[in-house]
Amino acid sequence: MWRLTGKSEYFDYIRHSADRFIDNGGNIIDYDINELNLDMVNPGKILLLLYNETSDIRYRKAANTLRNQLGRQPRNRQGGFWHKAVYPHQMWLDGVYMSSPFYAQYALLFDEVQAFDDIANQVILLASNAKDTATGLLYHAWDESRGMKWSNDITGCSPHFWGRAMGWYAMAVADILDYFPSTHPKRSEIIDILKNILTALAKFQDKETGLWYQIVDLPDRKGNYLEASASCMFAYSYAKSIHFGYLDSTFNATLLKAYQGILEHLTYIDENGSMNLKNVCSVAGLGGNPYRDGSFAYYISEPVVENDYKGYGPLILAVTEIEKLRRKDLI
């Protein structure tokens, strides 16, 4: 929003948000590197933006801390990051978004050319191991060891196609490409991965509303619902992919139908004039205590809320990408 509008209040908000968590020495308050949790890395993108704009060394020091975490992050035998230290051998689609866009941005900013091989590997491992060949959709997670109760004994995959997990992954791949060298030998493969998942998802777009379901491939199953965060994430991914030519204009209709569906069915203006986003799945995961088994019943049992940032953030992202397309007369 700041880049699109040029309004300083948006930059001030970004800086204020980061400064709440960074002390005068560039330490991240209440952060424990020993948790080795990929979710903690994603906010580092803000630190890199701020360092690039202000040259304030605190932001670089804090970003270096997160980069150091990636150096210590446990990996499976093929080099894929465990989602967290407490989730051994497991790669989750979410984890690519939580780590790889920051990793790629950091690598470009500080000239870590060799890191792009590692980043490509994170993307490709899940595209190879979590993909369902029949639908082209990706399962929420993959356990290389096949040791989790939720993992398939043959494939190691979790049981279902959770919308937001695929949303995280699609957005991650689209964002990584912003930084990925044009000459890198894996760039075209990464673009193909993005095209393939968005092509597969288009087949499961609800014909009436233009949205996607919590469990993407089971629209008629009792309890399933049209979920906001996934729909917004997909809209962002389609818009950005059209913008940069990863998808051709035949996907414009998919994007516009999704955008119209979000506005008509998922948002409303309250008495204060504020836009609200409904039908957001609050949270979903696998394993842990209490145990989450990855079943259909589990995914639809999690609370459905309004204005959760995991939905509202992607809504803002989608709107800004669609506005860019409109300014260039691409839609």
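Residues numbered from 1 in each chain as written. Predicted model: local features only at pLDDT ≥ 70, side-chain atom pairs only at ≥ 80, totals over all residues. Heavy atoms only, no water.

Scanning all chains against the criterion turns up 15 salt bridges. Glu 144 serves as the salt-bridge partner of Arg 77, at 4.0 Å between the closest nitrogen and oxygen. Residue Arg 77 is located in the loop between helix H4 (57–72) and strand E1 (90–92), and its partner Glu 144 is located in the loop between strand E2 (141–143) and helix H7 (163–176); the two are separated by 67 residues in the primary sequence. Look at Glu 144 and you get buried, because its relative accessible area is 6%. (Salt bridge = Lys/Arg side-chain N within 4 Å of Asp/Glu carboxyl O. Helix = DSSP H or I, 4+ residues; strand = E, 2+ residues; numbered from the N terminus. Buried < 20%, exposed > 50% of the residue type's maximum accessible area, 1.4 Å probe, protein only.)

Attention shifts here to the packing of aromatic side chains. Taken as a whole and judged by the stated rule, the model has 15 aromatic pairs. Ring geometry for Trp 212 and Phe 234: centres 5.1 Å apart, planes at 80 degrees, overall edge-to-face. Separated by 22 residues along the polypeptide, Trp 212 in the loop between helix H8 (187–202) and helix H9 (228–243) and Phe 234 in helix H9 bring together distant segments of the chain. According to the relative accessible area criterion, Phe 234 is buried, its value standing at 0%. Judged by centre distance (6.0 Å) and plane angle (25 degrees), the ring pair of Phe 244 and Tyr 246 falls under stacked. Judged by its relative accessible area of 8%, Tyr 246 falls in the buried class. Ring pairs connect the aromatic residues Tyr 51, Phe 102, Tyr 106 and Phe 110, which therefore count as one cluster. (Phe/Tyr/Trp six-rings, centres within 6.5 Å; stacked < 30°, edge-to-face > 60°.)

Among all residues save glycine, negative phi is the norm, and among peptide bonds the norm is trans. At the junction of Asn 289 and Pro 290, the peptide bond is cis and its omega measures out at 5 degrees in the coordinates. Position of Pro 290 among the secondary structure elements: in the loop between strand E5 (280–281) and helix H11 (296–301). In the Ramachandran plot, Asp 111 falls in the positive-phi region, its phi being about 60 degrees despite a non-glycine side chain. Within the fold, Asp 111 resides in the loop between helix H5 (93–109) and helix H6 (115–129). By relative accessible area, which is 60% here, Asp 111 ends up exposed. The phi torsion at Asn 307 lies on the positive side, around 60 degrees, for a residue other than glycine. In this structure, Asn 307 sits in the loop between strand E6 (304–305) and helix H12 (309–327). Among the residues examined, Asn 307 registers a relative accessible area of 28% and is labelled partly exposed.

Glancing now at the packing of H7 against H8. Look at H7 against H8: their axes get within 10 Å of each other, and the N-to-C directions meet at 145 degrees. When the axes of H7 and H8 are compared, the crossing they make is left-handed. Touching Met 166, Tyr 169, Ala 170, Val 173 and Ala 174 of H7 are Ile 190, Ile 193, Leu 194, Ile 197, Leu 198 and Leu 201, all from H8. (Axes fitted to C-alpha atoms, helices over the stretch in contact; angles between N-to-C directions. Left-handed = near helix turned anticlockwise from the far one by under 90°. Contact = heavy atoms within 4.5 Å.)

Treat this as a map of the structure, not an account of what it does.
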